[in-house]
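Architecture at a glance
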Amino acid sequence: MEKNWWKHAVVYQIYPRSFADSDGDGIGDLPGITSKMDYLEELGIDVIWLSPVYRSPNADNGYDISDYRDIMEEFGTMEDFDRMLETAHAHGIKIMMDIVINHTSDEHPWFTESRQGRDNPFRDYYIWKDPGENGTAPNRWESSFSGSAWTYDEGTGQYYLHLFAEKQPDLNWENEEMRQKLYEMMRWWRDKGVDGFRFDVINLISKDPAYPEGEELGNGLTSHTCANGPRIHEYLKEMNAAVLEGHSLITVGECPMVDEEMAKLYSGEDRNELNMIFHFEHVSGSLKHPGKYGKWDAPAMDLPELRDILVRWQKGLADEGWNSLYLSNHDQPRCVSRFGDDSAGYRDLSAKMLGTVMHMMRGTPYIYQGEELGMTNPRFEKIDQYRDVESLNIHHKLTVEEGLPEEQVMAYLKEVSRDNARTPMQWDSGDNAGFSTGTPWIGINPDYVEINAEKERKDPDSVFNYYRKLIRLRHENDVIVEGRFDLLLPEDKNIFAYTRTLGEEKLVVLCNFSSKIVDIPEEIRGLLRGEVLIGNYKEAGKEYLKPYEAVVYKQSLR
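**Points about the overall build of the protein chain**
Broken down by element type, the protein chain carries 16 helices and 20 strands. Its C-alpha atoms give the protein chain a radius of gyration of 23 Å, near enough to 24 Å, the size a compact globule of 558 residues would have. Each of the three principal axes of the protein chain carries a C-alpha extent, and together these read 75 × 50 × 50 Å. Taking all 558 residues of the protein chain together, 61% fall into the buried category. Counted over contacts in the protein chain with a minimum sequence separation of 6, partners at least 24 positions apart contribute 69%. Mean positive and mean negative side-chain charge positions of the protein chain (62 and 99 charges, respectively) differ by 4 Å.

Written as structure tokens, this is what we have:
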């Protein structure tokens, strides 16, 4: 296998709970995933990124693991997992496991032992601290899910750290024995035949041993406190040597609060850490106009701001490191609702445009389930329709503690709640969108009658078939994988334009991010020649771009 095969790959994220339910209990499962391998092979993807399927009490939908070597009962059995893995490989598809090693569930045996007493052998597997003055928390760090990042344990008289929900205690990576047990567990999955790992919030595993307050109070996840800590690269190199070295695996680290220079340290080819990382600059709401309540009330990012971020990362990792290309995942709203236009008239066009602008850049593209259909935010009207712990917590905080009107807070959730991405996959126009014969664990988006896989597979002009072509083009054209990226029209408010160049081949990519007809500036019209490699209108103009038009020209430089 080629050493850097993942550079040519396209990854498809599956959120198992919402993908396909085989037994009618309303919850997606592993046999459901297995039953859809023909669909995924037809789409053309190379790798499934499988969100956590380990045993878990589901305080955070599986990102709170109670047993790393067992399967969540709702999802099936280890035999079901083995069958899914075997079926995927038979279809030419690899499996990348989502693994959470910054924290566990508070129901993990290590933690249940750890809280038995201060002298317990597992005590040091987690981060315990004495109370501060007057019995308060050791510092003012806040959980990513609201409230203090510290919970007091009556039995032992200390606080434990949890950067997320209180049922997600952080592991103490200073403990070498604990680290070695994690590596042993990862080797077990590797030897079972999985093809790589996506590491959840991996750059949080090293904490500053001084546990400083940090300059940005009210946010535990800041570069001043617990991200990109002093031993992070030591730990990743150690993990690489213990688990990854000598195996052609795909690895990506979820890394909040990193810039391009930090990304080089995590993903540089000679660094022996990770293949690539996920950063969040482009999916965090406007950074130029931050909201009072973080992502919840931050205005949407306009094209110039989005383009500046994406271009900076393209240039920053041009010679060292590797980009991951995404607009959607299980933690983000639907990209066509956020960056495009999900109204009936422009949904298909803007979904195809967004796919074009991302898939033609340098890096490994990630498709989140349903993105290839142009699935949209459901925009639930009532709080009892939401399931996400982050959304429920912020609703309580903003309505009860801050006193904001219910309608205002619900408007925030409709746009950026994580549950926007977690409604069930829309397979057909039948009951429950073909997801389940039972009552789904979360509501179905009512637009499934119009937006579903069965309908789109039959329509040659659908978003699904457009994504099939994008994927095929990446497999067939080295210029898309390796070509140099150069920006065109850096000041244009509506058009994202760039070139990709490799040897004697050149691509010119034009994407209109507006619902208006916009003129193509004279300065680049001379570049619009050669064959149209892909476009979302039947005819590509050379003087203007139609609403949400995307077109890619391929030309020879001979």
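There is more to say, and it comes next.
**A look at the packing of aromatic side chains**
By the definition in use, this model includes 31 aromatic pairs. Judged by centre distance (4.9 Å) and plane angle (80 degrees), the rings of Phe111 and Tyr126 are edge-to-face. You can see Phe111 sitting in helix H4 (residues 109-114) and its partner Tyr126 sitting in the loop between H4 and strand E6 (128-129), a full 15 residues away along the chain. Between the aromatic rings of Trp141 and Tyr211, the centroid separation amounts to 5.6 Å while the plane-to-plane angle is 40 degrees, which identifies the pairing as tilted. Here Tyr211 lies in the loop between strand E9 (196-199) and helix H6 (232-244) and Trp141 lies in the loop between E6 and strand E7 (150-153), a separation of 70 residues in the sequence. The residues Trp141 and Tyr211 share a single accessibility class, namely buried.

**A short note on the pattern of salt bridges**
Within this structure, the stated rule accounts for 46 salt bridges. Of the charged contacts in the structure, one is a salt bridge between Glu390 and Lys295, with a shortest N-O distance of 3.1 Å. Within this pair, whereas Glu390 is found in helix H11 (residues 389-401), its partner Lys295 is found in the loop between strand E11 (276-278) and helix H8 (303-316), the two being separated by 95 residues in sequence. The exposure class assigned to Glu390 is buried, which follows from its relative accessible area of 11%. Notably, a salt bridge pairs Glu415 with Arg379, separated by 3.2 Å at the nearest N-O pair. Separated by 36 residues along the polypeptide, Glu415 in helix H12 (residues 406-416) and Arg379 in the loop between strand E13 (364-368) and H11 bring together distant segments of the chain. Of the residues examined, Arg379 reaches a relative accessible area of 27% and is grouped as partly exposed. Overlapping salt bridges, with partners in common, bring together Asp60, Lys295, Asp331, Asp388, Glu390, Arg418 and Arg422 in one network.

**Quick notes on helix H14 (residues 463-476)**
An α-helix turns once every 3.6 residues. As a result, residues three or four positions apart point the same way. In this model, H14 (14 residues) spans 20 Å end to end at C-alpha, consistent with the 20 Å of a helix rising 1.5 Å per residue. Burial in H14 covers these residues: Val463, Phe464, Asn465, Tyr466, Tyr467, Leu470, Ile471, Leu473 and Arg474.

**Things to note about the environment of Leu354**
Relative to the assigned elements, Leu354 resides in helix H10 (residues 347-359). Taking the C-alpha atoms as reference, Leu354 lies 22 Å from Glu41; in sequence the two are 313 residues apart. The contacts of Leu354, once residues within four sequence positions are left out, are Leu327, Cys335, Val336, Phe339, Gly340 and Phe513.

**Observations concerning the sheet that holds E13**
Each strand in a sheet pairs with its neighbour through backbone hydrogen bonds, running either in the same direction (parallel) or in the opposite one (antiparallel). What the eight strands build is an open sheet, ordered E11-E10-E9-E5-E2-E1-E13-E12; its pairing is parallel. Two strands in the sheet have a free side with no partner beyond their single neighbour: E11 and strand E12 (324-325). Examined bridge by bridge, strand E2 (residues 47-50) and strand E5 (residues 94-99) share four bridges and lie parallel to one another. Residue pairing in the sheet places Ile48 in a bridge with Ile95 of E5. Contacts from helix H5 (residues 176-192) reach E5 and E9, with the element oriented near 135 degrees to E9.

**Quick notes on the sheet that holds E6**
The three strands are arranged E6-E8-E7 in an open sheet whose pairing can be described as antiparallel. This sheet does not close on itself; its edge strands, each paired only once, are E6 and E7. Where E7 and strand E8 (residues 158-161) come together, four bridges link them in antiparallel fashion. Bridge pairing in E8 links Thr151 to Tyr160.

**Comments concerning the packing of helix H7 (residues 260-267) against H8**
At a minimum axis distance of 10 Å, the contact between H7 and H8 shows a crossing angle of 45 degrees. Looking at the two axes, H7 sits oblique to H8. Helix-helix and strand crossings are classified by hand; for H7 and H8 the assignment is right-handed. Within the contact between the two elements, H7 uses Glu260, Ala263 and Lys264 and H8 uses Arg312, Trp313 and Gly316.

Rules used throughout
Residues numbered from 1 in each chain as written. Predicted model: local features only at pLDDT ≥ 70, side-chain atom pairs only at ≥ 80, totals over all residues. Heavy atoms only, no water. Helix = DSSP H or I, 4+ residues; strand = E, 2+ residues; numbered from the N terminus. Rg over C-alpha atoms; globule rule 2.2 N^0.38 Å. Buried < 20%, exposed > 50% of the residue type's maximum accessible area, 1.4 Å probe, protein only. Contact = heavy atoms within 4.5 Å. Lys, Arg positive; Asp, Glu negative; His and termini not counted. Charge placed at Lys NZ, Arg CZ, Asp CG, Glu CD. Phe/Tyr/Trp six-rings, centres within 6.5 Å; stacked < 30°, edge-to-face > 60°. Salt bridge = Lys/Arg side-chain N within 4 Å of Asp/Glu carboxyl O. Expected span 1.5 Å × (residues − 1). Pairing = 2+ DSSP bridges. Axes fitted to C-alpha atoms, helices over the stretch in contact; angles between N-to-C directions. Parallel < 35°, antiparallel > 145°, perpendicular 65-115°, else oblique. Left-handed = near helix turned anticlockwise from the far one by under 90°.

Any functional reading would require information that these geometric values do not contain.
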